[in-house]
Every structure is written in C-alpha cells, then in structure tokens.
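Single-letter residue listing:
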Amino acid sequence: MPAVLETGLEFIETDNQNDLPCVKGFNIINGMLTVANDEKTFQSINPANTDDCLGEFPLSTKEDINNAILAARNAFTKWSNTPAPTRGQIIGNMGRLLMDYKDVLVRLQAREIGKTIKECGGEIQEAIDTCLFFQSEGRRLYGQTVNSELPNKELFTYRRPLGVCGIINSCNFPSAVPFWKMIPAIMCGNTCVWKSPQDAPLLSFALARIMHQAGLPNGVINLVHGKGSGAGQYLIDAVDEGKINKISFTGSTEVGKNIGEVCGRNLVSCSLELGGKNPLVVMPSADMENAVQGAYWAGFGTAGQRCTSLGNLILHEDIYDEFMEKFMQKVKSTLIGDSSKYEGMLYGPMLSEKYANDFLEAIKICEIDGAKKIYGNGRIDSKNKPDGFHGDPDKGIFMWPHVYENVTENMNCFHEELFGPAVTVVKAKDFDHALHLANASPYGLSSAIYTNDRMEAYLFKSGIRSGMTSINNSTSGAEAHLPFGGVKNSGNGTRESGIWVIEAYSYWHAVNDELSGKLQLAQMDVDEIEMSEMEVDWAQLS
Ligand code: UN1
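Residues numbered from 1 in each chain as written. Predicted model: local features only at pLDDT ≥ 70, side-chain atom pairs only at ≥ 80, totals over all residues. Heavy atoms only, no water.

Caption draft 1: Local environment of the overall build of the chain. Summing up its helical and strand segments, the chain has 14 helices and 23 strands in all. Compactness check: the chain gives a C-alpha radius of gyration of 26 Å against a globular reference of 24 Å for 542 residues, within 12% of the reference. Each of the three principal axes of the chain carries a C-alpha extent, and together these read 90 × 75 × 45 Å. Contacts in the chain between residues far apart in sequence, at least 24 positions, make up 74% of those at least 6 positions apart. For the chain, the exposed area adds up to about 24,000 Å²; of that, 49% sits on carbon and sulfur atoms. (Helix = DSSP H or I, 4+ residues; strand = E, 2+ residues; numbered from the N terminus. Rg over C-alpha atoms; globule rule 2.2 N^0.38 Å. Contact = heavy atoms within 4.5 Å. Areas by Shrake-Rupley, 256 points an atom, 1.4 Å probe, with all protein chains shown as cover.)

What follows is the structure in structure tokens.
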C-alpha cells in the first residue's frame, strides 16, 4: 500500500527555486489544527539550501501554551483509565505507520535539519524501535504483590501516571528523542504538551499527525511550535503556576540547570539530558584502523552535532603519531555536502544558522587557549572550501572539520562542549593518566576506550564516571532499549529508553488491603517469635 500522508497542511506561495512545497504549519491542540492566537509565525529553513523554506509555523503565545496544557489536563482522566495494553496497541500502530512513511519522513527530516539520508534513516528507525519496544510494555507495566507482616492483609504496588508532561527536545534528533520521551510517557498514562524544536517544526508536525492517525485520542499529545525563549519558556513558567506535573528536556546544560531549579522549587519531577564532552581513549594494544574509524565517526558524523559526539580524543603517547597520521588522512578526505543530492557524504550542513554561529564562537575558545589548529578553516564558502566539499557552499550552512592538538587539562577547550565538527586531541602518558583525563571534564555522558587489553577495558569501565561507555566502539550510537543519559553536568540522573525510563514517567503507589475486619497495627501487632530454649553443644563437633 503506498504511503499517503494526510497532512491537513495548506501550501503557500514562495520563491522556492526547487519544486518542494512550502506549507502553512499548525499547532495541534486537542486534535485541532490551530494558528497562534496573534497569528504570528516563524519560518523553517533548509540549512543545506537556505533559499528553500519548508513552511511557516505558529509562534505560539502564552495563551496557546495554556490552551495546550488545558487540553492535556482534560484528556488525562480518560487516557490514564484506558487499559495499558490498549495504550500499547496505539503505540504499536504508531510504529507500523512510521514504517509505512519511513521514506517520506527520512527525506523530510534531511531537508529540514540537513542530517544525511543514511543517518535520518537510522533515526526514524530508532523511533520505530521505541514504539515496538513499548507496544508490548503496555502488556506488562508490572506492579508487585508484596507479603504483609500481618495476617489477612494484602499489599500491592501500582505504577501510576504523573499527569501532564511538558516535552522539550532539541533539533539534532528531532524524531528519536521526542519518541524516547513521549512514547513511555503516554504508555504510562500521562498526557503531553510537546514544544517542537524551533528548527524542526514540520517534521514534528508530521510525527504528531501520524500519532493521531494511529488512533491516539485528541488531547493526549498536544503540539506547540515556537522558540525556546517563547513557547519553551511559557511551558516552564507553567511549572511555577502549578499546571505541569513533569518536564522532560534535552538540550544545553545551562538551560537544563534553569529548568531543574524551577522544577525543584515546585517539587515537580524533571528528566534532563544535557551536554557532553565525551572522551575517547586509544591505547597501544588497540586495533588502530578500527580506533581511527570509531574516532572519526564519533567526531565528525552528524557534523559533530550529537550530545554523544566525540569531544576529547585522548591518545597514548606511544601510538600518538601513528594514530594521528591515519586519522588526519581521513579528516582531510571528508566528504561534506547535501546528501539528498550527493552520495556518500559524511556530513551535511549545521542544523541552522544559530548552531553555526554558536560553533564558530565555541572554537574561538581553542584559539584563545593556544591549542594548535592542525586542520579546519571555519565556515565553508566558495573561496574557502575543503577538497571533499560537494555543491554550492554559499547556498547552505557548512563547516570545515576542525582538529586541535596540544590540548591540555588546564585549557577551557578541554572542558567546553563545542557542538560541531571539531575534535580536541590530548596526549596521555599511560593508562592511569588517560583515565584521569577521561574523567577530568565537567561532563559525564558518553565515553569510549579502544584497547585489546582486557584489564584496561575493565579498569576503564569501572573507573570512568559517565552514563554510557563503549569498549572498542565510538562514543555515539546508543540503542533504543539501553538506558541513555549521563552523570555530572550531563544530566540529573534520569534515563531515557528501555525499561528504566518508566521510572521517569510514573510514580509507585503502595496499597494495603486489610481483610481481617479489624485494625491491625503494623510493627505493633506483629506476632513475636520466641526462640527455642534448647542449647546445642557445638563443642562436641570439634
Ligand atoms: C542526542 O544526541 O541527543 O547515541 C541523542 C546516539 C543516538 C542518540 C543521540 N542514538 O548518538
């Protein structure tokens, strides 16, 4: 059956030079397509071709956000009383629809944020995997029966939903990450207000429509568009106003700390998945080709715009020169361009102009610190482009790959997340020094070691402070059923994915059912056990 996406969108006239449509986009509140109440809009632009406008979307006002929260609140009772297996069935339908529409969604995501077609395929698959995993979790969502210390009394635990969840995700993983959040949220019986990333509103709209097409009742997920400082902030303000029961946020550490403060003072649960300065250690016993491949992908795949991207490349001094020669060969031959036009591109444009500007500011830190730039030249344009660049650089927002050497622990660039195609290289004297360096940044999201020494691998995984560790693999590439998240400045200890995420979207409800017909007091009315008076002469045995 061919996949036909019923969008409900209207097309608008633009100067788009290509044949791609520009749409009038909507919020989805209580299942209804709505515009901002003051009718203001913002545009979504293709970062590989900034002449290509994907659409205009509501710049949601505080009133719009409040309407969305009210819709979620009103839908909560019915949804939370819907049997969990039924909720799971709807989630399963979502997964199957995502499979039907995968090609369309992959192209749409590539056009909206510039990630390569291959990576977009991987990401939509991660959203599908999440649906398939939680479809059957709807048939578990287990509680426990617990034995009472008193007779004729039963104890139980139940998982209960939290209420209305505010969902805020970033645009670098605009399909997998909101699914990581909302699928377990709704599986547990919560309802959501989803603030789409400013740079991926059309993809978010398509995903929310698919969720409704899958049988999701109106009001269970309400989509609002806008800026972080606008719609996102209004959603956080609603925590102070007592209207929200949970915030789940993926984004910068700075914003995450603010959200944590607001949630903390209101005793509202929050899941925070924040930045990383992920270390990758290479030891002399490693398979060099494999290590070069892993470090190169971790550093420059997705143009370095993953929270799990490689930050500090920590090389043992004995293999430093050999590794760097091989690594730089690859870096210098990097294929960069619009992957919907050219085959085999490693990475495409930056996610948007804002990400490009932030990245250019961030790499200034390396220069100020006196790190040695051995490759890279800022933004790519027609007069300044690497050999591997394909296409017209002036049309999009493309960056050179950057490599900085002689980075040391006392430099700011060792500690700061650069969020773009830049790797900082650090030399280690021995294993202990490498482990020390791997632990020395303020972040603790992902980490990796390449070694063929089992003891080193063991000592690394037990000595590193990070939420995720790869042994002989890159820092990125988490699977949909393992816990994802970090320690230190990378998050507040909550996890996404797998069964562990259920803790983040439900609370434990303990129930005791007294069948004795009388008031039995725990601890006080418990029968005392008398020990036998009989004495054993253990001395006989020796
Ligand atoms: C993110 O960068 O926000 O492990 C998420 C990975 C992906 C998810 C990254 N599966 O790199």
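Caption draft 2: Layout of the site of the ligand. The ligand sits among Glu 126, Asn 172, Phe 173, Trp 180, Arg 306, Cys 307, Thr 308, Ser 476, Gly 477, Ala 478 and Phe 484. Side-chain polar atom of Glu 126 to a nitrogen atom of the ligand: 3.1 Å apart, as the coordinates give it. Here Cys 307 contributes a backbone N or O atom positioned 2.9 Å from an oxygen atom of the ligand. Compared with its free state, where it exposes 320 Å², the ligand has 98% of that area covered by protein. (Near = heavy atom within 4 Å. Polar contact = N/O pair within 3.5 Å; in protein donor to acceptor, adjacent residues only side chain to side chain.)

Caption draft 3: Spotlight on the pairing of strand 17 (residues 402-405). Of the two faces of strand 17, the one carrying His 402 and Tyr 404 and the one carrying Val 403 and Glu 405 are both buried. With three bridges connecting them, strand 16 (residues 372-375) and strand 17 associate as antiparallel partners. Bridge assignment links Lys 373 to a residue of strand 17, and that residue is Tyr 404. Bridge analysis of strand 17 against strand 18 (residues 422-428) gives three bridges, and the strand direction is parallel. From the neighbouring strand, Val 403 faces strand 18, where its bridge partner is Val 423. (Buried < 20%, exposed > 50% of the residue type's maximum accessible area, 1.4 Å probe, protein only. Pairing = 2+ DSSP bridges.)

Caption draft 4: Local environment of the pattern of salt bridges. Counted by the stated rule, this structure contains 16 salt bridges. Notably, a salt bridge pairs Arg 140 with Glu 137, separated by 3.2 Å at the nearest N-O pair. Exposure remark for Arg 140: the relative accessible area of 34% places this residue in the partly exposed category. A residue is classified by how much of its surface remains accessible, and Glu 137, at 5% relative accessible area, is buried. A salt bridge links Glu 361 to Lys 364; its shortest N-O distance comes to 2.8 Å. Of the two residues, Glu 361 and Lys 364 are both situated in helix 11 (residues 353-369); the distance of three residues between them amounts to about one turn of the helix. Residues joined in a network through salt bridges with shared partners are Lys 62, Glu 241 and Lys 243. (Salt bridge = Lys/Arg side-chain N within 4 Å of Asp/Glu carboxyl O.)

Caption draft 5: Spatial organisation of the packing of helix 7 (residues 228-240) against helix 8 (residues 253-266). One way to put it is that helix 7 packs onto helix 8 with a least axis distance of 8 Å and a crossing angle of 20°. With respect to helix 8, the axis of helix 7 lies roughly parallel. Relative to helix 8, helix 7 is oriented so that their crossing is left-handed. Contacts between helix 7 and helix 8 pair Ile 236, Val 239 and Asp 240 from the former with Ile 259, Val 262, Cys 263, Arg 265 and Asn 266 from the latter. Taken together, the residues of the contact of helix 7 with helix 8 break down into five nonpolar, one polar and two charged. (Axes fitted to C-alpha atoms, helices over the stretch in contact; angles between N-to-C directions. Parallel < 35°, antiparallel > 145°, perpendicular 65-115°, else oblique. Left-handed = near helix turned anticlockwise from the far one by under 90°. Nonpolar A, V, L, I, M, F, W, Y, C, P; charged D, E, K, R; others polar.)

Caption draft 6: Region of the structure containing the state of the cysteines. Enumeration according to the criterion identifies zero disulfides in this entry. Its sulfur unpaired, Cys 413 is 4.2 Å from the next cysteine sulfur, which belongs to Cys 366. You can call Cys 413 buried: its relative accessible area is 0%. (Disulfide = S-S within 2.5 Å.)

Caption draft 7: Structural view of the domain arrangement of the chain. Entries for the chain in the domain assignment read domain 1 (11-274 + 496-505) and domain 2 (278-480). Averaged C-alpha coordinates put domain 1 and domain 2 at centres separated by 30 Å. Taken together, the 23 residues of domain 1 in the interface contact 28 residues of domain 2. Carbon and sulfur atoms supply 55% of the area that domain 1 and domain 2 bury against each other, a total of about 1,900 Å² over both sides. The tally of links from domain 1 across to domain 2 stands at two salt bridges. Residue Glu 119 pairs with Arg 306 through a salt bridge whose shortest N-O separation is 3.0 Å. One can count nine residue pairs in polar contact (both at pLDDT 80 or more) joining domain 1 with domain 2. Among the elements that line the side of domain 1 that touches domain 2, the one with the most residues is helix 4 (residues 117-137), at five residues. Its residues assigned to classes, the side of domain 1 that touches domain 2 shows seven nonpolar, ten polar and six charged. (Domains from an automatic or database assignment. Buried area = accessible area lost by both parts, 1.4 Å probe.)

Caption draft 8: Seen up close, the sheet that holds strand 7 (residues 144-147). As summarised here, the arrangement of the three strands in space is 7-8-23, forming an open sheet in which the pairing is antiparallel. Each edge of the sheet is formed by a strand with only one pairing partner; in this case those strands are strand 7 and strand 23 (506-514). If you compare each strand with its neighbour and ignore which way they point, the axes differ by 25° on average. For strand 7 and strand 8 (residues 153-161), the ladder comprises four bridges, and the chain directions are antiparallel. Directly across from Val 146, in strand 8, lies its bridge partner Leu 155.

Caption draft 9: Highlighting the packing of aromatic side chains. Within this structure, the stated rule accounts for ten aromatic pairs. Look at Phe 133 and Phe 134: their rings are 5.0 Å apart centre to centre, the planes differ by 80°, and that puts the pair in the edge-to-face class. A relative accessible area of 23% places Phe 133 in the partly exposed class. The class of Phe 134 is buried, set by a relative accessible area of 1%. Against the face of Tyr 320 rests Lys 427, its NZ or CZ located 4.6 Å from the ring centre. (Phe/Tyr/Trp six-rings, centres within 6.5 Å; stacked < 30°, edge-to-face > 60°. Lys NZ or Arg CZ within 6 Å of the ring centre and 35° of its normal.)

Caption draft 10: Main features of the nonpolar core. Val 282, Leu 313, Phe 323 and Phe 327 are the most contacted members of the largest nonpolar core, which totals 64 residues. In terms of residue count, helix 9 (residues 288-300) provides more of this core than any other element does, seven residues in total. The residues contacting Leu 313, other than those within four sequence positions of it, are Leu 280, Val 282, Ala 295, Phe 323, Phe 327, Val 423, Thr 424, Val 425 and Val 426. Core analysis: the next-biggest nonpolar cluster, separate from the first, contains 55 residues, Tyr 101, Ile 128, Phe 179 and Ile 221 among them. (Core = buried A, V, L, I, M, F, W, Y, C linked by side-chain atoms within 4.5 Å.)

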